[in-house]
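This is what each chain is made of:
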Amino acid sequence: MRRQCRRMHARKQYDTPIRFEMIDGGGPFESKIVNFGLGGLCLESSGPLEVNSLIDIQVVEPDTEADGPESYYGFLGEVRWCKEFCSSKITSFQSGVQFMTRNKEMPNKQMKVSKFTCNLCGDFSLTRHMRDASDHVLLCPHCYRNFQAMPQGGIKSSIERFLAGNVL
């Protein structure tokens with residue numbers, strides 16, 4: 001009997017060095033991509049990653065001519081699962097990351113890394129991850145995703161008016 005894969009996109013094995021940091025804080029950490037597909041990747045780390053947390057991944061040596069993860073400069077994703085992985089003498093963790101964005105453009109090294117406060121939850125997030133929801137309202141990736149998923153209606157329009165500063 002053949003085992004059926006539940007993935008939307010096929011994964012290929014890689015050994016691509018990366019650096020990542022958690023959006024909520026923590027990092028940077030050295031790691032590597034174990035496998036990669038159109039919808040996400042699996043990375044290996046020395047410690048466990050919290051499921052549903054957002055992660056900023058930067059490829060250490062990008063090559064835009066290559067095929068695979070090294071053809072990107074970085075990724076923003078959400079950790080979907082994390083498992084302990086034991087090999088010979090080393091215990092590590094493998095985590096599945098679903099892509100939110102993929103970046104094929106070189107980041108501006110002159111730009112100062114800064115943080116903004118989310119207009120909805122008040123948490124800090126890196127500037128490059130903030131999303132403009134409407135009327136110059138900046139939301140962190142987590143709030144933006146939840147806000148976009150809300151159905152149109154009275155509650156969503158009330159939140160939009162509140163965030164824009166028009167509560168009358």
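Every value quoted in this text rests on a predicted model; they were computed, and no experiment measured them.

Participant: Before we go on, may I ask you to explain the environment of Val 137 in this structure?
Facilitator: Residue position: Val 137 is located in the loop between strand 9 (131-132) and strand 10 (138-139). In this structure the C-alpha to C-alpha distance between Val 137 and Asn 119, which are 18 residues apart in sequence, comes to 6.5 Å.

Participant: Even after reading the chapter, I still don't get the pairing of strand 3 (residues 40-45), so can you show me in this structure?
Facilitator: Here is the key point about a regular strand: its side chains alternate between the two faces of the sheet. Counting buried residues along strand 3, 5 of its 6 residues qualify, which places the element largely inside the surrounding structure. The sheet contact formed by strand 2 (residues 29-36) and strand 3 spans 4 bridges and is antiparallel. Bridge pairing in strand 3 places Ile 33 opposite Leu 43. What sits between the antiparallel neighbours strand 2 and strand 3 is a turn of 3 residues. When strand 3 meets strand 6 (residues 90-103), the two strands line up antiparallel, connected through 6 bridges. Each residue of the ladder has a partner; that of Gly 40, found in strand 6, is Gln 98.

Participant: So what exactly am I meant to see when it comes to the state of the cysteines here?
Facilitator: Among covalent bonds in proteins, the disulfide is the one between the sulfur atoms of two cysteines. What the rule picks out here adds up to 0 disulfides. Just so you know, Cys 82 is unpaired, no disulfide at all, and the nearest cysteine sulfur is the one on Cys 42, 9.2 Å from it. For the unlinked cysteine Cys 121, the closest cysteine sulfur is that of Cys 143, found at 3.7 Å.

Participant: What should I look at first to understand the sheet that holds strand 6 in this one?
Facilitator: Strand pairing within a sheet occurs via backbone hydrogen bonds; the two strands may be parallel or antiparallel. As summarised here, the arrangement of the 6 strands in space is 1-2-3-6-5-4, forming a closed barrel in which the pairing is antiparallel. Within this sheet the neighbouring strands show an average axis-to-axis angle of 45°, counted without direction. Bridge analysis of strand 5 (residues 74-87) against strand 6 gives 13 bridges, and the strand direction is antiparallel. Considered in strand 6, the bridge of Phe 85 is made with Ser 92. Strands strand 4 (54-59), strand 5 and strand 6 of the sheet are contacted by helix 1 (residues 141-149), whose axis makes an angle of about 120° with strand 4.

Participant: What exactly am I supposed to notice about the pairing of strand 1 (residues 12-22) here?
Facilitator: Across 7 bridges, the pairing between strand 1 and strand 2 is antiparallel. Bridging across to strand 2, Thr 16 finds its partner in Ile 33. Hairpin connection from strand 1 to strand 2: 6 residues lie between these consecutive antiparallel strands, with Gly 25 at a positive phi of about 125°. In this structure, strand 1 lies alongside strand 4, joined through 5 bridges in antiparallel fashion.

Participant: Whenever I open this one, the packing of aromatic side chains confuses me. Can you help?
Facilitator: When we look at a pair of aromatic rings, we describe it by the centre distance and by the angle of the planes. Counting across every chain of the model gives 7 aromatic pairs. Relative to Phe 36, the ring of Tyr 14 lies with its centre 6.1 Å away and its plane at 90°, an arrangement referred to as edge-to-face. Of this pair, Tyr 14 sits in strand 1 while Phe 36 is found in strand 2, placing the two residues 22 residues apart along the sequence. Both rings, one in Phe 36 and one in Phe 75, keep their centres 5.9 Å apart while their planes meet at 55°; by these two values the pair is tilted. Taken together, the residues span a long stretch of sequence, with Phe 36 in strand 2 and Phe 75 in strand 5 at a distance of 39 residues. The exposure class assigned to Phe 75 is buried, which follows from its relative accessible area of 2%. Its guanidinium or amino end placed over the ring of Trp 81, Lys 83 lies 5.3 Å from that ring's centre, counting from NZ or CZ. Note that Lys 156 overlies the ring of Phe 147, its terminal NZ or CZ placed 5.0 Å from the centroid.

Criteria and thresholds
- Residues numbered from 1 in each chain as written.
- Predicted model: local features only at pLDDT ≥ 70, side-chain atom pairs only at ≥ 80, totals over all residues.
- Heavy atoms only, no water.
- Helix = DSSP H or I, 4+ residues; strand = E, 2+ residues; numbered from the N terminus.
- Buried < 20%, exposed > 50% of the residue type's maximum accessible area, 1.4 Å probe, protein only.
- Pairing = 2+ DSSP bridges.
- Disulfide = S-S within 2.5 Å.
- Axes fitted to C-alpha atoms, helices over the stretch in contact; angles between N-to-C directions.
- Contact = heavy atoms within 4.5 Å.
- Phe/Tyr/Trp six-rings, centres within 6.5 Å; stacked < 30°, edge-to-face > 60°.
- Lys NZ or Arg CZ within 6 Å of the ring centre and 35° of its normal.

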